[in-house]
Each structure stands twice: as structure tokens, then as C-alpha cells.
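Structural description and commentary
Listed below are the residues making up each chain.
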Amino acid sequence: TISLSASSLAFDASRAPLAVTVTRTGGASVPVAVNYATADGTAVAGVDYLPSSGTLTFAVGETTKTIFLFLPGGPPPAGTPAKTFSLSLSAPTNGATLGATTTAAVTIPATPAGVPPGTPNPPTGAPVVSRFFAVGQGQGGEPRVNVYDAVTGATVGSFLAYEAGFTGGVTV
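A few points on the structure. Just so it is clear, the structure is predicted and the values come from calculations on it, not from any experiment. (Residues numbered from 1 in each chain as written. Predicted model: local features only at pLDDT ≥ 70, side-chain atom pairs only at ≥ 80, totals over all residues. Heavy atoms only, no water.)

**Notes on the pattern of salt bridges**
What the rule picks out here adds up to 2 salt bridges. Across the salt bridge formed by lysine 83 and aspartate 48, the nearest N and O atoms sit 3.1 Å from each other. Here the residue lysine 83 occupies a position in strand 7 (residues 83-90), and aspartate 48 occupies one in the loop between strand 4 (32-40) and strand 5 (53-58), the gap between them amounting to 35 residues. Given the relative accessible area of 22%, lysine 83 is considered partly exposed. By relative accessible area, aspartate 48 is classed as buried at 14%. (Salt bridge = Lys/Arg side-chain N within 4 Å of Asp/Glu carboxyl O. Helix = DSSP H or I, 4+ residues; strand = E, 2+ residues; numbered from the N terminus. Buried < 20%, exposed > 50% of the residue type's maximum accessible area, 1.4 Å probe, protein only.)

Structure (C-alpha cells):
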């Protein structure tokens, strides 16, 4: 029997990859495989999350596998609502069956209005030392630096931090 670890999953505010455990129970004496795929809900593949599909193969004795789900690089616009998509298992092989949890709802958290993800929160009452801050990594992992206004949350600039002939540093 092959199942997802949970029927409800969520990315955290850091937007780090989400590890989803797939378990095999009821014996592991023969190799088996199962297909997996994501599907749109309110979230759109390629825009809000990176689509994923494939086949997990459990070797003899293996009882767990991990699927990693990813969000596009860079923060979504401030005020973006929470969105969902699904991850499903299908077509088990070699006599394996699907368990009770074959589909999971995956939630991408909302981005508060005026506050981009990764905004540092100074202690209450602390003076603002700089009005601007930079967040690295752009779409698809490119070395993009986005510069935000710490007061309004607005994007004030964006640039690539690396080019083939790049030497030296970056001043923001």
C-alpha cells in the first residue's frame, strides 16, 4: 500500500522547497512503482508553483521516498492571497495498491499587503537604520537581487548580481 504522508501540506513563509514523504506499507519484498503529479487549483503551474510529475520506484526493502515541490524564485507581489494546488499518486505497479491518502492539497501562503516575503522585522521601537533592503535569488534561481523600500514594501530596483565578466562587488 502506497500513500502520501498527509492530505494537507503547506509551504512555509520562507518559500523553501517542500519535502513530501510517500510511504510503502504492508511488505517490501518486491520492487514497486507509483506515478505522481501536481495539478492546478487556485494556484497556476509555472506561475505560482513549479509543476512536477514522475515515477517513484521503491526497491526491495525500501519503505519511504520523498517528492520535492518548488515555488518559483523571487517573492510574489505584496498582497498575493493564499493559493492551493494538489499532488496525487496513481498507477501503482507490481501488485501494490494505493492507500487512503493519495491526494494532498498543497497551500502556498498569502503575502501580506505592503510586506514582501523575507522582510526583516526590526524589534518594536528600534530605529530604522536603512530604508532599503535587498533580497537575492530571482526567477528559477537566477542571481537576481531585488531592492525593496522597507517602509512601503515597494520594489525600487532589480538587477542581476552576476554576469560572465563580473568582478568586484555590488553596492546597493
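Having seen it, we continue.
**A closer look at the packing of aromatic side chains**
For any pair of aromatic rings, the description rests on two quantities: the centre-to-centre distance and the angle between the ring planes. Tallied over the full model, the rule gives 2 aromatic pairs. Relative to phenylalanine 85, the ring of phenylalanine 11 lies with its centre 6.5 Å away and its plane at 40 degrees, an arrangement referred to as tilted. A residue pair is termed long-range when its members are at least 10 positions apart, and phenylalanine 11 in the loop between strand 2 (8-10) and strand 3 (18-24) and phenylalanine 85 in strand 7 qualify at 74 residues. For the pair formed by phenylalanine 11 and phenylalanine 85, the shared burial category is buried. Ring centres of tyrosine 49 and phenylalanine 85 lie 3.8 Å apart, and the angle between their planes is 0 degrees; on these two criteria the pair is classed as stacked. Separated by 36 residues along the polypeptide, tyrosine 49 in the loop between strand 4 and strand 5 and phenylalanine 85 in strand 7 bring together distant segments of the chain. We classify tyrosine 49 as buried; its relative accessible area is 1%. Taken together, the aromatic side chains of Phe11, Tyr49 and Phe85 make up a single cluster linked through ring pairs. (Phe/Tyr/Trp six-rings, centres within 6.5 Å; stacked < 30°, edge-to-face > 60°.)

**A word on the sheet that holds strand 1 (residues 2-4)**
The strand order 1-3-6 describes an open sheet built from 3 strands, whose pairing is antiparallel. In the strand order of this sheet, the two ends are held by strand 1 and strand 6 (64-69), each with one partner. The sheet shows a mean angle of 25 degrees between the axes of neighbouring strands, direction not considered. When strand 1 meets strand 3, the two strands line up antiparallel, connected through 3 bridges. Bridge pairing in strand 3 links isoleucine 2 to arginine 24. (Pairing = 2+ DSSP bridges. Axes fitted to C-alpha atoms, helices over the stretch in contact; angles between N-to-C directions.)

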